[in-house]
Structure formats: C-alpha cells, structure tokens
Amino acid sequence: MGRIKATTSFLLLQFLLLQFTKSQGFKEPSAARTLKQEPHDSPEVHCSRERSRVAWQIIEDYLMPFVEEGGYEISTDCRLHPDNDLFRDQEKHKINLDVNEWRCGYCKKSFRAERFLDQHFDNRHYNLLNVSQNKCLADLCGALHCDFVINSKLHKAKCNPAAVARNRHLCESLANSCFPISKGPSASHLHELFLRQFCDAHTCSGKTTPFPRGGKKRANLLYMATSILILMLLPLFYLLYYLYQRDMKRETQVLRRLSQVGRKAKPS
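Nothing here was measured: the structure is a model prediction, and the numbers come from that model.

Topic: the overall build of the protein chain
Looking only at helices and strands, the protein chain features 11 helices and three strands. Each helix and strand of the protein chain, ordered N terminal to C terminal, gives the series α-α-α-α-α-β-β-β-α-α-α-α-α-α. Sorting the 268 residues of the protein chain into buried and exposed places 26% on the buried side. Counting only contacts in the protein chain whose residues sit at least 6 apart along the sequence, the fraction spanning at least 24 positions is 64%. Only carbon and sulfur atoms are counted for the fraction: they give 57% of the accessible area of the protein chain, which is about 19,600 Å².

If you want it as structure tokens, here you go:
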C-alpha cells in the first residue's frame, strides 16, 4: 500500500513539474544558445575571392607601374579600377602581423591563416560587399592570364582556339574602355602597352608570353637580389682589404730590418 502511494506521488510530481515548465516556457542555457546561434543568411556571391586576388595582383604588378609613371588616371568606368573589385575594401582591411597571424581590420579578431580570415569576412562582414553591381574581378582572369600566374605550366597545355579568341576579345575591349586613344598621348601609349603586355599573348602560336614589358614584381626581385649580393660581398671586400694592408705592413717592416742589417755590416 505504501509503495502504491509513493508511485502515485512521484507521477503527480512529474505532472505538476511538466505543467509548470510549459506555463513558464523552456529557456536554453546561455552556453547552449551560443553554440546553436543561427548563421547569418548571407547572400550567395558568385565570385571567386582567390581569383579576384590574383587578378588584382597582376594589375598591381604589371599594369599600375606604367599607369603611375604616365600620370594617367583610370576612369571608374574601367573594370580594372579598384572600385570595381568586389573584395577590394575587405582586402584593404587585412592586417598581416606575422606568418601565422592575420587580423581583421573591422573587428580586430585574429586568425592563424589568411584563408580563415577570408571565411570570417564571408560569415561576419558579408554586408560590406556591394553585390548589386557586376564587380567581380575574377571574370577578367581570362584576359589577365591568371592561370599563367597561378601555374606557369598551363601555357604548355593544348591550346583551345575558341577560348583564346574569347580572352583576346575581352582583353582588347579592356584596352579600348580603360585607355581610349581619343583621350590623348598618355592614354594612347597605355593602350598600346596594354595590348603588348596582355593581349598579344592570347594566341596558339606559343611565340609570345604574358607581361613581356615586365613590371613591379620583377623590378623588386632584381633590386632585392642586388641588395643582398652587395651586403654579402661588402664584408668580404673589407676583409680582403684588411688582410692585404696587414701583409703590406709586414713586408715593409721586413724590408726595413733587412736594409738596416745591410747598412750595419762592415767589410772585413
């Protein structure tokens, strides 16, 4: 009889506890809410961040040095203009503190690698991307030879005439829109340079390679190599000069001693 009363009391207690929970509403612990936060409904961006980065690096290295040298200002209508790069503002907010330390310039959060920072931009700062207009720099990769820069062995593969013609047409349209000949000698010079630097290599003949006029990257590498060589040879030069001077002093002292001995000696 006592066991039946105990069971009845337990079931009654459970029923009352269940009714109380429903009336108050169940609340998850704060830690659980943190782990189960719903992701942001970020808009889908059909643009490769990696290829856009390569395209911009090519523009920076193989075009902008000549544009700056000529004092030419690229119009915002030109697709090569920085404002027409979807990821340009986010790329400017990357802070590389060390090999394994990258920091977000918006919220100062740190990451071990650049790819993790890219994911952070996609998840937390997607609202800063202007996806309303066609500003995907990766779409110009065919004209700018991104694949050649990523993997220089690709140019040895079998040539596709249709793709080459399409990329050449895009390349020439960039030259016409960014450097119109009608805008004067500076624009005309850059128009010709752009054709030689980028467009002429869109051929299946294999006789022309991209960027024959060179660029900032090659100049920097040459400067660095020359500087390192000078810094390595300079101490060696001073060492050899020091040894030479020391040997000369020794020889001079020996000759003086021999001369003095010869003068003191008297014939018998």
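There's more to say after this.
Quick look at the side chain of His 125
Inspection of the secondary structure assignment puts His 125 in the loop between helix 6 (114-124) and helix 7 (141-144). Within the local environment of His 125, its side chain forms a polar contact with the side chain of His 120, the two groups lying 3.1 Å apart. Excluding residues within four positions of it along the chain, His 125 makes contact with Gln 90, Cys 104, Tyr 106, Cys 107 and His 120.

Describing the nonpolar core
Leu 80, Leu 144, Phe 179, Phe 194 and Phe 198 are the most contacted members of the largest nonpolar core, which totals 33 residues. Broken down by secondary-structure element, the contributors of at least two residues to this core are helix 3 (49-62), helix 4 (64-69), helix 7, helix 9 (161-178) and helix 10 (185-199). The element that contributes the greatest number of residues to this core is helix 10, accounting for seven residues. Sequence-distant contacts of Phe 194, that is, excluding residues within four places in its chain, are made with Leu 63, Leu 80, Leu 144, Cys 171, Leu 174, Ala 175, Phe 179 and Cys 199. Among the nonpolar cores identified, the runner-up in size contains six residues, and Phe 87, Leu 129, Cys 136 and Ala 138 belong to it.

Re helix 3
End to end, helix 3 covers 20 Å across 14 residues, agreeing with the expected 20 Å (1.5 Å per residue, within 8%). If you check which residues of helix 3 are buried, you get Arg 49, Ser 52, Val 54, Ala 55, Trp 56, Ile 58, Ile 59, Asp 61 and Tyr 62. Of the residues that open helix 3, the one with a side-chain oxygen 3.1 Å from the backbone nitrogen of Arg 51 is Ser 48.

Remarks on the pattern of salt bridges
With the rule as written, the count across this model stands at 15 salt bridges. A salt bridge links Arg 53 to Glu 114; its shortest N-O distance comes to 3.5 Å. Separated by 61 residues along the polypeptide, Arg 53 in helix 3 and Glu 114 in helix 6 bring together distant segments of the chain. The exposure class of Arg 53 is partly exposed, given its relative accessible area of 22%. Each of Arg 49, Arg 53, Glu 91, Lys 94, Glu 114, Asp 118 and Asp 122 takes part in salt bridges that share partners, so that together they form one network.

Let's talk about the sheet that holds strand 1 (residues 94-98)
Overall, antiparallel pairing links the three strands, which are arranged 1-2-3 in an open sheet. Sheet topology places strand 1 and strand 3 (110-111) at the edges, where each strand pairs with a single neighbour. Two elements, strand 2 (residues 101-104) and strand 3, share two bridges in a ladder whose sense is antiparallel. Its bridge partner being in strand 3, Arg 103 is matched across the sheet by Ser 110. Set on the sheet, helix 6 makes contact with strand 1, strand 2 and strand 3; between it and strand 2 the angle comes to about 15 degrees.

With respect to the state of the cysteines
In protein chemistry, a disulfide is the covalent bond that joins the sulfur atoms of two cysteines. Inspection of the entire model under this criterion finds five disulfides. In this model, Cys 47 is linked to Cys 136 through a disulfide, with the two sulfur atoms separated by 2.1 Å. Here the S-S torsion is close to 90 degrees, and the disulfide linking Cys 47 with Cys 136 is therefore right-handed. On the criterion of sequence distance, the pair formed by Cys 47 in the loop between helix 2 (30-35) and helix 3 and Cys 136 in the loop between helix 6 and helix 7 is long-range, its members being 89 residues apart.

Details of the packing of helix 9 against helix 10
Taken N-terminus to C-terminus, the directions of helix 9 and helix 10 make an angle of 160 degrees; their axes are 9 Å apart at the nearest point. Compared by their axis directions, helix 9 and helix 10 come out roughly antiparallel. Considering how the two elements wind past one another, helix 9 and helix 10 form a crossing that is right-handed. Side by side, helix 9 and helix 10 meet where Arg 168, Cys 171, Glu 172, Leu 174, Ala 175 and Asn 176 of the first sit next to His 191, Phe 194, Leu 195, Phe 198 and Cys 199 of the second. Looking at the contact of helix 9 with helix 10 residue by residue, the class counts come to seven nonpolar, two polar and two charged.

Notes on unusual backbone geometry
The phi torsion at Lys 108 lies on the positive side, around 65 degrees, for a residue other than glycine. Structurally, the position occupied by Lys 108 is in the loop between strand 2 and strand 3.

The rules we used
All chains use their own residue numbering, which begins from 1 and follows the written sequence. Side-chain atom pairs in this predicted model are given and counted only at pLDDT of 80 or more, local residue features only at pLDDT of at least 70, and totals for whole chains, interfaces and linings cover all residues. Working from all heavy atoms in the structure, the side-chain values ignore hydrogens and water. Under the scheme used here, helices are H or I runs from DSSP no shorter than 4 residues and strands are E runs no shorter than 2 residues, and both carry numbers assigned from the N terminus. For every residue, the accessible area (1.4 Å probe, protein chains only) is compared with the maximum for its type, and the residue is labelled buried under 20%, exposed over 50%, or partly exposed between those bounds. Here, two residues are considered to be in contact whenever any of their heavy atoms come within 4.5 Å of each other. For the accessible areas, the method is Shrake-Rupley and the probe is 1.4 Å, while residue cover comes only from the protein chains on display. Between N or O atoms, a polar contact is any pair within 3.5 Å; within protein, one atom must be a potential hydrogen donor and the other a potential acceptor, and residues adjacent in sequence are included only when both atoms are from side chains. Among the buried residues, those of types Ala, Val, Leu, Ile, Met, Phe, Trp, Tyr and Cys that are joined through side-chain atoms within 4.5 Å form a nonpolar core. For a helix, the expected span equals 1.5 Å multiplied by the residue count minus one. For this analysis, a salt bridge means a side-chain nitrogen from Lys or Arg found within 4 Å of a carboxyl oxygen belonging to Asp or Glu. Being paired, for any two strands, means DSSP has found at least two bridges between them. Note on geometry: axes are C-alpha line fits, over the in-contact stretch for helices, and angles between N-to-C directions span 0 to 180 degrees. By disulfide we mean two sulfur atoms from cysteines, separated by a distance within 2.5 Å. Angles are sorted into four bins: roughly parallel if under 35 degrees, roughly antiparallel if over 145, roughly perpendicular if 65 to 115, and oblique for all others. Whether a crossing is left-handed or right-handed is set by the direction in which the near helix is turned from the far one by less than a right angle, anticlockwise for left-handed and clockwise for right-handed. Side-chain classes follow a simple rule in which Ala, Val, Leu, Ile, Met, Phe, Trp, Tyr, Cys and Pro form the nonpolar group, Asp, Glu, Lys and Arg form the charged group, and the remainder, Gly included, forms the polar group.

Any link to function would need more than the numbers given here.
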